[in-house]
Amino acid sequence: MAGPSIEALETGIVSGDRSSIGRAITLIESARDIDEVSAQALLARLLPRTGNAIRVGITGVPGAGKSTLLDVLGMHLVERGHRVAVLAVDPSSTTSGGSILGDKTRMARLSRDARAFIRPSPSSGELGGVAPRTRDTMLVLEAAGFDVIFVETVGVGQSETAVHGMVDTFVWLTIPNAGDELQGIKRGVLELAEIVVVNKADGERAVAAERARHELANAFHYLPRTHRDWETPALLVSAIEARGVEALWQKVIAHRETLAASGDLERRRRDQRKRAMWIDLEQGLVRTLRAHPSLRAILEGLEQAVIENRMPTRQAVIEARSKLSLVVTDPSS
Ligand SMILES: Nc1nc2c(ncn2[C@@H]2O[C@H](COP(=O)(O)OP(=O)(O)OP(=O)(O)O)[C@@H](O)[C@H]2O)c(=O)[nH]1
Ligand SMILES: [Mg+2]
């Protein structure tokens, strides 16, 4: 991408210039190697200015009201002096194509507010590529002075785990329904949820919402804790009527203080960085292997042998690894 130098971008970002932020995110999301190198050089310079935001993940089934809630919560916070960013992690956004429009219309007020920044999911498709880019984008926004960052994801596949791996507090949003509330929870979410929120507690649904909240609060009382000093609370909100929003924010702050008090906030972030590096490296290594000129043919041969059932799967893996170690010790082979 021809454009301003890394130094100029850095200066622009630090002063909060939106077009510099936009350019940096474009670099981060680019699939070109040369842009990747520039993006990482930029991040390396920005790193000392990162880490100051309150990072919150929010997940829930499609239509639970995540974007609507973030619009009111985001406005609530900017009106109290915060600068708020909302990032989306949506591994399916390339196929559905609806996420950008949805985000802009559901966050109608926040998306027009100069104190806020909304970024839909990068359209690189696979979650493996989306999560590291969202993480990097978060760092750019922190360097630009955004002090509250929300990461919204629809609860499909591994997206919750990916988001949990980049935030301080993980919020699970649900809506009242007739049956057993716990049946609506995916197993993995039980262990991750640090705050549970029942949305749409308004109109005819108000009673069912309170019942759902009560059931969930009970359940989380008996479930293993996410942290020894924290019992996952269950709250009621109505995003449409902007009710329960300050109470939710107070819980976010309380959770963060609980983590910080024991040193676990810093430990969590250190651990997140470590994991992010290894996950990214593992995926990157496989891509490198597949593209390697002399390994490619060997891997394709092994793959074919496995497909045709001429070779056990693990034997193919063992052979691939021994060929790899030859390449590593003698790169010219
Ligand atoms: N009655 C009521 N409706 C709500 C409330 N919050 C959201 N909705 C409605 O629920 C629908 C979905 O809201 P969104 O905010 O787009 O939900 P989402 O969870 O972001 O959806 P995806 O991004 O598609 O996963 C919209 O029609 C909203 O108007 C609420 O508090 N009460
Ligand atoms: Mg949404």
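Placed above this text is the structure.
In this text, all values refer to a predicted model and were calculated from it rather than measured experimentally.

This paragraph deals with the sheet that holds strand β4 (residues 148-154). Read across the sheet, 7 strands follow the order β3-β2-β4-β1-β5-β6-β7 without closing on themselves; strand pairing throughout is parallel. Edge strands, defined here as strands with exactly one partner in the open sheet, are β3 (116-119) and β7 (234-236). Strand-to-strand, the axes of this sheet are offset by a mean angle of 20 degrees, without reference to chain direction. As judged from the 4 bridges shared by strand β5 (residues 169-174) and strand β6 (residues 195-198), these two strands associate in the parallel manner. Bridge assignment links Thr 174 to a residue of β6, and that residue is Val 198.

A word on the packing of helix α13 (residues 293-307) against helix α14 (residues 313-329). Two quantities define a packed helix pair, namely the angle between the axes and the distance from one axis to the other. Look at α13 against α14: their axes get within 9 Å of each other, and the N-to-C directions meet at 170 degrees. Looking at the two axes, α13 sits roughly antiparallel to α14. Contact residues: α13 offers Ser 294, Leu 295, Ile 298, Leu 299, Leu 302, Ala 305 and Val 306, while α14 offers Thr 313, Ala 316, Glu 319, Ala 320, Lys 323, Leu 324 and Val 327. Tallied by class, the residues present in the contact of α13 with α14 amount to 10 nonpolar, 2 polar and 2 charged.

Reading the values: the criteria
Residues numbered from 1 in each chain as written. Chains lettered and ligands numbered in written order. Predicted model: local features only at pLDDT ≥ 70, side-chain atom pairs only at ≥ 80, totals over all residues. Pairing = 2+ DSSP bridges. Helix = DSSP H or I, 4+ residues; strand = E, 2+ residues; numbered from the N terminus. Axes fitted to C-alpha atoms, helices over the stretch in contact; angles between N-to-C directions. Parallel < 35°, antiparallel > 145°, perpendicular 65-115°, else oblique. Contact = placed C-beta atoms within 7 Å. Nonpolar A, V, L, I, M, F, W, Y, C, P; charged D, E, K, R; others polar.

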